[in-house]
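# Architecture and fold: a report
The primary structure of each chain is shown beneath.
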Amino acid sequence: MKQKRIGFATRMGAIAATVGSAVGLGNIWRFPYQAGENGGGAYILVYLICVLLLGIPIMMSEFVIGRSTHKSMKGAVEELTPGSPFKLFAYIGVLGGLLICGYYCVVCGWVIEYLWSSASGNLLGHTPEEYSNIFSTFVSSPWRCVMWTLLFLILNFLVLNRGVEKGIERIASFMMPLLFLLLIVFCVNSLLLPDSDEGMEFLFDVDFDDLGWKGVVDAMGQAFMSLSLGVTCLITYSSYFKDDSNLMKDAVTISGLDTLVAILAGIVIFPAVFSFGLEPNAGPKLIFEILPTIFQQMPGGTIWATLFFLLLFFASITSTISLSEIPITFMIDEYKISRGKAIAITAVLMTIIAVLSALSFSTLSDVKLLGRNLFDFLDFVGPNFFMLLGGLVTAIYVGWVLKKDVIHEQLTNGGMHRSRFVQPYIIFSLRYIAPVAIVIIFLYYVGII
Ligand code: TRP
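Predicted model, so just to flag it, every value in this text is computed and none were measured. (Residues numbered from 1 in each chain as written. Predicted model: local features only at pLDDT ≥ 70, side-chain atom pairs only at ≥ 80, totals over all residues. Heavy atoms only, no water.)

Quick look at the overall build of the protein now. When its secondary structure is counted, the protein shows 18 helices and zero strands. Taking 449 residues into account, the globule formula puts the C-alpha radius of gyration at 22 Å, and the protein, at 21 Å, falls close to it. Reported as C-alpha extents along the three principal axes, the dimensions of the protein are approximately 60 × 45 × 40 Å. Pairs at least 24 apart in sequence give 83% of the contacts found in the protein among residues at least 6 apart. Surface exposure of the protein reaches about 17000 Å², of which carbon and sulfur atoms provide 68%. Charged side chains of the protein number 27 positive and 32 negative; the gap between the two group centres comes to 16 Å. (Helix = DSSP H or I, 4+ residues; strand = E, 2+ residues; numbered from the N terminus. Rg over C-alpha atoms; globule rule 2.2 N^0.38 Å. Contact = heavy atoms within 4.5 Å. Areas by Shrake-Rupley, 256 points an atom, 1.4 Å probe, with all protein chains shown as cover. Lys, Arg positive; Asp, Glu negative; His and termini not counted. Charge placed at Lys NZ, Arg CZ, Asp CG, Glu CD.)

The next point concerns the site of the ligand. In the vicinity of the ligand there are 16 residues, among which Ala 22, Gly 26, Tyr 104, Met 225 and Ser 322 approach most closely. Contact distances for the ligand include 3.3 Å between an oxygen atom and a backbone N or O atom of Leu 25. Ser 322 places a side-chain nitrogen or oxygen 2.9 Å from a nitrogen atom of the ligand. If the ligand stood free it would expose 360 Å²; the protein chains cover 100% of that surface. Going through the elements one at a time, helix H1 (11-22), helix H2 (25-37), helix H10 (212-226) and helix H14 (301-335) are the ones with two or more residues in the shell around the ligand. Here the residues of the shell around the ligand sort into eight nonpolar, eight polar and no charged. (Near = heavy atom within 4 Å. Polar contact = N/O pair within 3.5 Å; in protein donor to acceptor, adjacent residues only side chain to side chain. Nonpolar A, V, L, I, M, F, W, Y, C, P; charged D, E, K, R; others polar.)

Before going further, it helps to spend a moment on the state of the cysteines. Scanning all chains against the criterion turns up zero disulfides. The thiol sulfur of Cys 50 is not disulfide-bonded, and the nearest other cysteine sulfur, from Cys 233, lies at 19 Å. On the basis of relative accessibility, which here comes to 6%, the residue Cys 50 falls in the buried class. With no disulfide of its own, Cys 101 has Cys 105 as its nearest cysteine by sulfur position, at a separation of 4.1 Å. (Disulfide = S-S within 2.5 Å. Buried < 20%, exposed > 50% of the residue type's maximum accessible area, 1.4 Å probe, protein only.)

Look at helix H3 (residues 41-69): 41 Å from first C-alpha to last across 29 residues, which is about the 42 Å you get at 1.5 Å a residue. Along its length, H3 reaches its greatest deviation from straightness, about 40°, at Val 51. Buried residues dominate H3, accounting for 24 of its 29 residues. Positive backbone phi, at 55°, marks His 70, one or two positions downstream of H3. (Expected span 1.5 Å × (residues − 1). Bend = angle between axes of the 7 residues up to and from the residue.)

Okay, the packing of H10 against helix H18 (residues 422-445) next. Two elements in contact, H10 and H18, have axes whose closest approach is 11 Å; the angle formed by their N-to-C orientations is 130°. Between H10 and H18, the interaxial angle falls into the category oblique. Classified by chirality, the crossing of H18 by H10 is left-handed. Facing Trp 213, Lys 214, Val 216, Val 217, Met 220 and Phe 224 of H10, the residues of H18 in contact are Ala 437, Ile 438, Ile 440, Ile 441, Tyr 444 and Tyr 445. Broken down by class, the residue content of the contact of H10 with H18 amounts to 11 nonpolar, no polar and one charged. (Axes fitted to C-alpha atoms, helices over the stretch in contact; angles between N-to-C directions. Parallel < 35°, antiparallel > 145°, perpendicular 65-115°, else oblique. Left-handed = near helix turned anticlockwise from the far one by under 90°.)

Under the criterion given, the structure shown has 38 aromatic pairs. With a centroid separation of 6.1 Å and an interplanar angle of 50°, the aromatic rings of Phe 31 and Tyr 43 are classed as tilted. Separated by 12 residues along the polypeptide, Phe 31 in helix H2 and Tyr 43 in helix H3 bring together distant segments of the chain. When sorted by exposure, Phe 31 lands in the same class as Tyr 43, which is buried. (Phe/Tyr/Trp six-rings, centres within 6.5 Å; stacked < 30°, edge-to-face > 60°.)

Attention now goes to the nonpolar core. Membership of the largest hydrophobic core comes to 162 residues, with the highest contact counts inside it found for Trp 29, Trp 110, Phe 288, Phe 308 and Phe 309. For this core, the leading source of residues is helix H5 (residues 90-119), giving 18 residues. With residues near it in sequence (within four places) discarded, Phe 288 still touches Trp 29, Val 107, Trp 110, Val 111, Tyr 114, Phe 135 and Phe 309. (Core = buried A, V, L, I, M, F, W, Y, C linked by side-chain atoms within 4.5 Å.)

This part is about a negative patch on the surface. On the surface, a cluster of negative charge is contributed by Asp 195, Asp 197, Glu 198, Glu 201, Asp 205, Asp 207, Asp 209 and Asp 210. With respect to the helices and strands, the residue Asp 207 is situated in the loop between helix H9 (196-204) and H10. (Patch = residues over 30% accessible without salt bridge, like charges linked within 9 Å, V, L, I, M, F, W, Y side chains within 5 Å. Salt bridge = Lys/Arg side-chain N within 4 Å of Asp/Glu carboxyl O.)

We now examine the environment of Gln 34. Residue placement: Gln 34 occurs in helix H2. In this structure Gln 34 comes out as buried when scored by relative accessible area, which is 4%. In this structure, the C-alpha to C-alpha distance between Gln 34 and Asp 366, residues 332 residues apart in sequence, is 24 Å. Gln 34 has contacts with Tyr 43, Asp 218 and Gln 222, leaving out every residue within four places of it along the chain.

Turning our attention to the side chain of Gln 222. Following the sequence through the fold, Gln 222 ends up in helix H10. Of note is the side chain of Gln 222, whose polar atom sits 2.9 Å from the backbone oxygen of Gly 26. Contacts of Gln 222, omitting those with residues within four sequence positions, involve Gly 26, Arg 30, Phe 31, Gln 34, Tyr 43 and Tyr 47.

Right, let's get into the pattern of salt bridges. Summed over all chains, the structure comprises seven salt bridges. Across the pair Glu 325 and Arg 339 runs a salt bridge, and its minimum N-O distance is 2.7 Å. Of the two residues, Glu 325 sits in helix H14 while Arg 339 sits in helix H15 (residues 339-358), which places them 14 residues apart along the sequence.

Moving on, we get to H10. Helix length check: H10, at 15 residues, gives a terminal C-alpha distance of 21 Å against a target of 21 Å (1.5 Å per residue), a fit within 8%. Turning to H10, its buried residues number three or more, namely Gly 215, Val 217, Asp 218, Ala 219, Met 220, Gly 221, Gln 222, Ala 223, Phe 224, Met 225 and Ser 226.

Read these as layout, nothing more, since geometry by itself doesn't imply function.
As structure tokens, this is what we get:
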């Protein structure tokens, strides 16, 4: 029996859900901490270049694959290019999606902890040093971390069980604009802090001495992470798009909004970091130290904090839903099992990865992979390996293997939209820029450069 595919009710719903997938902890938690670790301005410049040169073209290529076939990666490749080995890369997507979502849910658990403590009025009233200790004490408590992670997973799979249309679309359509507004308020607040210009200098003064190869790799991985690229998520989502949506415009809008949110998060965080005399390179705990300090000096701080963590929770769940959809849709399309069963299998696998990652700062802190605990390891290999490898394959597939007619047909909707510059630019990037850039990064990994 053929499984019915669930579609989005409106075109806006599909776009809102894709923005929901893109905007998440990647923008608000990961981008600031990575920018802080890699010296600020130069990292951000490289990040923006990666979005323009690689991100947008690869996003469009995922849209072309998904929307032209209305299938997920494996089925789509079988339909577009029968017998092509590229379909095997669907497995990279499924594995990448599971691993990334596994550790990502742990940070979602941190968000619930902070939501809980702000809503119950316990978050504010400490010094910046105390916030650092509060975070360390929290993550080193195994049961608290695991409990919140499990709670998050339950909510995630409950939403998924209700279906794409009802679950994701409704949440994404009104929470994302609200989050955006809140970030603007916080930006203004941060810019009014004493010495905020030091933070702005850190963010926007480009000094390549601070960057190095590691910063370039991080910026590229982060661009893929933030735009949800390379692990076939956007192929799955765009397989639900309507045939008349304008893929070029949508990809540019989604990438633009996503990048704007990341930059706004940077403008919230760094002026505060310098104003309060803290260190920008605190790593993954950065926003959990800084944000409470920011909320504290705002009138009505508890309310702002609660509202912010609530919206961040929604931004996160729209992202984990999209990550979870990768294995779910794959199993439904590939093995013809029911959606319920696919959700159950995904839930079990993800829970195992998430619990192990949640214990990385306590019980399992001595378990190291490439010198990192499991959480840090997944936070490194997810974006910097799985997504880049998937991006390389997608670029080569669409740039070199797929017939140009299919790309033209999809990007212009059969000639309805003009693409005099966009299409040649996309093809050039997919053929040359993206593969060369990603291969250089891989050569750097294996120590050749
Ligand atoms: N883009 C999301 C973020 O920035 C994370 C994410 C959601 C993702 N879905 C994805 C990353 C699919 C890779 C693939 O938080």
